[in-house]
Amino acid sequence: MKKITALLAIIQTLNFSISAKDKDEKKEEQKEASSAEQITDAAWSANLKKNYDEVINQTEKCIKLYEKKALKMQKSMSKPVPTGAQGLNKEAVMSKWALNSVGTCYFLQGRAYENMNKPEEALKIYRKLTNTLSFAQCWDPNGWFWKPAIAAKKRIKALESE
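Let me sum up the structure you'll find in this document. (Residues numbered from 1 in each chain as written. Predicted model: local features only at pLDDT ≥ 70, side-chain atom pairs only at ≥ 80, totals over all residues. Heavy atoms only, no water.)

### A closer look at the nonpolar core
Reasoning step 1: Core analysis: the biggest nonpolar cluster contains 42 residues, and Tyr 66 and Val 102 have the highest contact counts within it.
Reasoning step 2: Within the residue set of this core, elements represented by two or more residues are helix 1 (2–48), helix 2 (52–75), helix 4 (97–115), helix 5 (119–132), strand 2 (144–146) and helix 6 (148–160).
Reasoning step 3: Top element by residues in this core is helix 4. It accounts for 10 residues.
Reasoning step 4: Residues in contact with Val 102, not counting those within four places in the same chain, are Cys 62, Ile 63, Tyr 66, Glu 67, Ala 70 and Leu 133. (Core = buried A, V, L, I, M, F, W, Y, C linked by side-chain atoms within 4.5 Å. Buried < 20%, exposed > 50% of the residue type's maximum accessible area, 1.4 Å probe, protein only. Helix = DSSP H or I, 4+ residues; strand = E, 2+ residues; numbered from the N terminus. Contact = heavy atoms within 4.5 Å.)

In structure tokens form, the structure reads like this:
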């Protein structure tokens, strides 16, 4: 009986340790998601101000910090999270925070290079986005998701026809 009681105590201790570790990992994940969102927002803000050097700085920061996670998220999927009007599946899409932030940052970076009259750089960035992070999605404040890779394909077509 004492052995069973001791064994149960060990199991409870292990469960508590695992639970605490899970909570720590979840907290770290939320912290990273918030950071990625802040960096992406800063890139959008710089884009609106036509400060394209700052767009490049912010997007590079996001890419450097979160691209590995974004690629891992992309590889774990067989298709994009389905969406529709009124933010359908918003929570599921947002759970792919690294994929979405890095994909959006690649698109913003491509636009910045275009605005800096560097079409070859823009094409390189757009192709990387379409080839590696095609499932990324970006929330539009008007209430829907759009796909940076689809927008990048349109920009590639436009640049190649110039």
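### Details of the pattern of salt bridges
Reasoning step 1: Under the definition given, this model contains five salt bridges.
Reasoning step 2: We note a salt bridge from Glu 114 to Arg 155, for which the minimum N-O separation is 2.4 Å. Taken together, the positions of Glu 114 in helix 4 and Arg 155 in helix 6 put the pair 41 residues apart, joining distant regions of the chain.
Reasoning step 3: Connected via shared salt-bridge partners are Arg 111, Glu 114 and Arg 155. (Salt bridge = Lys/Arg side-chain N within 4 Å of Asp/Glu carboxyl O.)

### Re the side chain of Gln 74
Reasoning step 1: Within the element layout of this structure, Gln 74 appears in helix 2.
Reasoning step 2: Here Gln 74 falls in the buried class, since its relative accessible area comes to 10%.
Reasoning step 3: With residues near it in sequence (within four places) discarded, Gln 74 still touches Leu 99, Thr 132, Leu 133, Ser 134, Phe 135 and Ala 136.

### Comments concerning the environment of Phe 145
Reasoning step 1: Topologically, Phe 145 is positioned in strand 2.
Reasoning step 2: Phe 145 sits in the buried class, given a relative accessible area of 9%.
Reasoning step 3: For Phe 145 and Pro 82, which are 63 residues apart along the polypeptide, the C-alpha to C-alpha distance reads 9.8 Å.

### Let's talk about the packing of helix 2 against helix 4
Reasoning step 1: One can describe the packing of helix 2 onto helix 4 by two numbers: an axis separation of 7 Å at closest approach and a directional angle of 145°. Taken as a pair, helix 2 and helix 4 cross one another with a handedness that is left-handed.
Reasoning step 2: Each residue belonging to the contact of helix 2 with helix 4 can be placed in one class, and the counts come to 17 nonpolar, five polar and three charged. (Axes fitted to C-alpha atoms, helices over the stretch in contact; angles between N-to-C directions. Left-handed = near helix turned anticlockwise from the far one by under 90°. Nonpolar A, V, L, I, M, F, W, Y, C, P; charged D, E, K, R; others polar.)

### Points about unusual backbone geometry
With the exception of glycine, most residues fall at negative phi, and the peptide bonds are largely trans.
Reasoning step 1: Unlike most non-glycine residues, Lys 50 shows phi in positive territory, near 60°.
Reasoning step 2: Mapping Lys 50 onto the fold places it in the loop between helix 1 and helix 2.
Reasoning step 3: Of note in the backbone geometry, Asn 117 takes a positive phi value of approximately 60° without being a glycine.
Reasoning step 4: For Asn 117, the location among the structural elements is in the loop between helix 4 and helix 5.
Reasoning step 5: For Asn 117, a relative accessible area of 68% corresponds to the exposed category.

### So, the packing of aromatic side chains
Reasoning step 1: Here the structure, examined in full by the defined rule, presents five aromatic pairs.
Reasoning step 2: Measuring from ring centre to ring centre gives 5.9 Å for Phe 107 and Tyr 126, while their planes differ by 35°; the resulting arrangement is tilted. Linking Phe 107 in helix 4 with Tyr 126 in helix 5, this pair joins segments that are 19 residues apart in sequence. Comparing Phe 107 with Tyr 126 shows no difference in burial state: the two are buried.
Reasoning step 3: In this structure, Lys 90 packs its charged tip against the face of Trp 139, placed 4.0 Å from the ring centre. (Phe/Tyr/Trp six-rings, centres within 6.5 Å; stacked < 30°, edge-to-face > 60°. Lys NZ or Arg CZ within 6 Å of the ring centre and 35° of its normal.)

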